[in-house]
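Observations on chain architecture
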Amino acid sequence: MSSFRTHAGLIILCALFFVSGLLRLNDLSLYTPDSSRYVIWGTALAEGKGYVDATQPEPDRYVVHAPLYPLILAPVEFFYPLSVEAAKTWTLLLGVLALILLYRLTSSLISKTAALVAVLLLGFNPLFLLYGSEALSEVPFVAAVLAACLLLEQTVKERPSRTAAAGLAILLPATALLREPGIALVLAAVFFLVLNRKFALAGAIVAMTALMIGGWYWRNQVHVGMSAGSAGSNLSISGRHFVTPPDASFASEMASRMWLQLKAYSSALSGMIFFPYFNRETPGLIVGSSVLFDIFRALFVGVRYLVMILVPMLAAAGIFDDFKWSSTSKFRLMFTAGYIAVILLYPVHDVRFFFPLLPLVIYYMLRGARHIANWISVLPRLRRPSLLIACALIVMIPNLESDRLLIQSNSEYREGPIPMYRKLSVLKEHPAIYTYPWSIIGRWVADSLPQHEVIASPAKELAVVIGDRKMLELDPGVSTPAFEEALRNEHVGYLLAPVRWGNLRSYEFQMRESRRLQFDVVCNIAGLRLMRVHSRYAAPSAGDTSLTGLADSVTPAGLLRIGRNLIQEQSYTLAIQVLEHAAEMFPRRPEITLNLLTAYALSGDSANAAARFAELLALPQAGSSLFAANAQMQLLRDVSAARRMEEGPTRELTFSRAAGGYWSLGYPRAASTLASELTRCKSRYFLGLLWGYHYAYLLGDSILQNEYLRQLQGLDPSNPVLIAFGRLRSLDDSLRCTSSARERSRLHLRKAWLFKEIELNEDALDEAERSIHDDPSNGSAFMFQGELYERRNQLRSALSMYKSAASAGGENSVPKEKIAELERKLASM
């Protein structure tokens, strides 16, 4: 009882935070695919399978995130497999632990009253409530940092604790495996211990860190290796050139990146403590508003620059006071500085990356406030505990209102996801996350789709609700050619296209611009649209029902569609005007910024393209757009350099490579136009002319084809690839002259074999599918596809083709043993 009275304030605050967190639980994930990946890995670990994502068509053992958090989730996932809500509850308990650790640290270094204020400021900050009730590693990382601070306090005493030293030697390396920026904590502790002549402990920490991180690196990068199509780990992403050209020094890349990120973060960070929801960078999970909330937002926008001055001043005073009175102050300062440097160097922008520093900023501010109060000799009665806590409560009123609205919005979603979607669909702006009722779509899939179907989705959340069905995780920023190839290779039967904002959906442009695939809606639940995927060549449907978004000039999404169409038509000036208008109506949308950058890049406007790239770099959750934008900037630099070159082989090679880059990014007309530079300069670069002819052939530009042929035949008329293209043209003539379905099927299959001979495998598959459309009983066409897929190790597609060939019968029937062999291979994956 005496212990309860002593810590009653802490217990009450922790209980209130925990209850608030429980009220914010749902089946949604704020960040995709991070949260779902953690849950999937945690479940696999709980089942003794190790780090593996078995929800993919082919099990993936490569881990793109730091690996410790899934291990933390494993105990709860053992009892509740693939449960997002169980993972959130477990993380919420770690949030309570973080509050207790902050209380202990602050009470030991300042006072118990300051500790209560610190817990109040942190526990009811909307970001802490948000991340504490999500399956994310931020809050466990905060707890680890605070635990490290407390353990370090025990190791620098006159009689250091051996238990604390041992705990520190294990905790610090583990923290680096919890989140990659944790390496800043390790380095800060090692430098601090060396300064204090504790060489044995510093050496033990270095050895344990090398052992744990080195062992994980060997497992992940060497033993397992990066999976095909993976964007790579955070470390590999940080090592790329994003802001500067590839030939620039990496030091200049780092300096430019830090400066751009610092400018982008400066405004958002000013409200992190007092009112994170004053700006657009905070994750939007509040539906509607309130009079009080709107008043606070308006007030804070007016005073945010004052806050940007006062917070650093208070923190600076706190750092000064910390140095004066605390023996571990250097460690905290070194960690803070190191962590900030790591985050500023990371190319992806998100305010949550700075969140783990929030407890230390609160600590410094409280220490600074006390220092200033002592310095100006504030009357003792103004420093009474009750008055200090009352002041903290007043400061927290905006955040408490934000917390209330967060919980209210979540309660409305839990009461009825579909009615809430109807309410949101009429609003100009709303949190898209509440339009994704994963549990409902999961039940529909379980009841309606065969077990063997593969479903592609940009959101990993789908994987945890569809049972044993396989899900292909496909980046929404993937290029159209890569999009088509991925769906084909993995024999994807269905595609999920969630709403991104407005009525714009994931993969919308890829679906619109795909010449190979067609998409028909089979299920539409709230903001989740599930579509059947099928070949546009082999089995076209009467009408493509997926492309229902209007290209209007009233909404930002409509303007974006118009702008995208104009880019593909090479009307870049008009596209820029339309997209600039869309950006004014709906700023800070990565899709609009990326397409605007693309229009500027294709028009040759380097300055404006670079400005849009810097803007994209500062947008939250724009990671999938950054790679496409980076590729556009590199192609722009290549083309600009080529135009400055004198006529010659280097110029022609550069133009040809750039044309190939645009083709692979899904801009076929731009690629063909650029490749045609080789015809204008009477190039002798045979390979480049061949690729240019290929582009013109697929686009149906007969005039340009003839121009390429004249130059190619003048260089090497006996070239086997050129001869193959001649045969293809002859077959095209024959196809135009026949109406017999069987004969057309035979001619298309002959074209498929020719394309395969010159290693244009995607075009070969196109022709085989056309062959099947003309004659569904043509078993040879199915066999052709099956053998081609099997050679590329695309076993699901190969098996499907072999089964179709067996059904077609005739002399091309596939032995049952062959089908059984592939089924065994797929079952063992």
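Residues numbered from 1 in each chain as written. Predicted model: local features only at pLDDT ≥ 70, side-chain atom pairs only at ≥ 80, totals over all residues. Heavy atoms only, no water.

1. Quick notes on the overall build of the protein
- Along its length, the protein carries 38 helices and six strands.
- Viewed in the frame of its principal axes, the protein has a C-alpha envelope of about 100 × 60 × 60 Å.
- Considering only intrachain contacts with a sequence separation of at least 6, the fraction spanning at least 24 residues in the protein is 67%.
- Taken as a whole, the protein presents about 34,900 Å² of accessible surface, with 60% of it coming from carbon and sulfur.
- On the protein, the mean spot of the 81 positive side-chain charges and the mean spot of the 71 negative ones are 7 Å from each other. (Helix = DSSP H or I, 4+ residues; strand = E, 2+ residues; numbered from the N terminus. Contact = heavy atoms within 4.5 Å. Areas by Shrake-Rupley, 256 points an atom, 1.4 Å probe, with all protein chains shown as cover. Lys, Arg positive; Asp, Glu negative; His and termini not counted. Charge placed at Lys NZ, Arg CZ, Asp CG, Glu CD.)

2. Describing the nonpolar core
- Grouped together as the largest cluster of nonpolar side chains are 238 residues, with contacts concentrated most on Tyr131, Ile205, Phe335, Tyr434 and Trp438.
- The greatest single-element share of this core, amounting to 12 residues, is contributed by helix H8 (residues 138-155).
- The residues contacting Tyr434, other than those within four sequence positions of it, are Leu28, Leu285, Val287, Leu406, Ser409, Asn410, Tyr413, Met420 and Leu424.
- Leu495, Tyr507, Met511 and Val533 belong to the second-largest nonpolar core, a separate cluster that totals 17 residues. (Core = buried A, V, L, I, M, F, W, Y, C linked by side-chain atoms within 4.5 Å. Buried < 20%, exposed > 50% of the residue type's maximum accessible area, 1.4 Å probe, protein only.)

3. Digging into the environment of Val578
- Along the chain, Val578 falls in helix H24 (residues 572-585).
- Considered as a pair, Val578 and Val190 are 388 residues apart in the sequence and their alpha carbons are 55 Å apart.

4. Side note on helix H23 (residues 556-568)
- Here H23 is 13 residues long and its end C-alpha atoms lie 18 Å apart, about the 18 Å a rise of 1.5 Å per residue gives.
- Counting buried positions along H23 gives 11 out of 13 residues, so the element sits mostly inside the fold.
- Turning to H23, its buried residues are Pro556, Ala557, Gly558, Leu559, Leu560, Arg561, Gly563, Arg564, Leu566, Ile567 and Gln568.
- Among the structural elements, strand E3 (492-501), strand E4 (504-505), helix H22 (508-513), H24, helix H25 (590-603) and helix H29 (668-675) are those in contact with the buried residues of H23.
- Once H23 finishes, Gln570 follows within two positions and takes phi at roughly 70 degrees, a positive value. (Expected span 1.5 Å × (residues − 1).)

5. Some remarks on the confidence of the model for the protein
- Per-residue confidence for the protein gives a mean pLDDT of 89, with 94% of residues at or over 70.
- Ranking the elements of the protein by mean pLDDT puts helix H1 (residues 2-6) last with 61 and helix H4 (residues 68-79) first with 97. (pLDDT = per-residue confidence, 0-100.)

6. Concerning a nonpolar patch on the surface
- Side chains of Val303, Leu306, Ile309, Leu310 and Met313 sit close together on the surface and give an oily, nonpolar patch of about 460 Å² of accessible area.
- Mapped onto the fold, Leu306 is located in helix H14 (residues 291-325). (Patch = residues over 30% accessible without salt bridge, like charges linked within 9 Å, V, L, I, M, F, W, Y side chains within 5 Å. Salt bridge = Lys/Arg side-chain N within 4 Å of Asp/Glu carboxyl O.)

7. So, the environment of Leu393
- For Leu393, the position within the fold is in helix H17 (residues 385-395).
- The partly exposed category is assigned to Leu393, whose relative accessible area is 38%.
- It is 46 Å that separates the C-alpha atoms of Leu393 and Ala628, two residues lying 235 residues apart in sequence.

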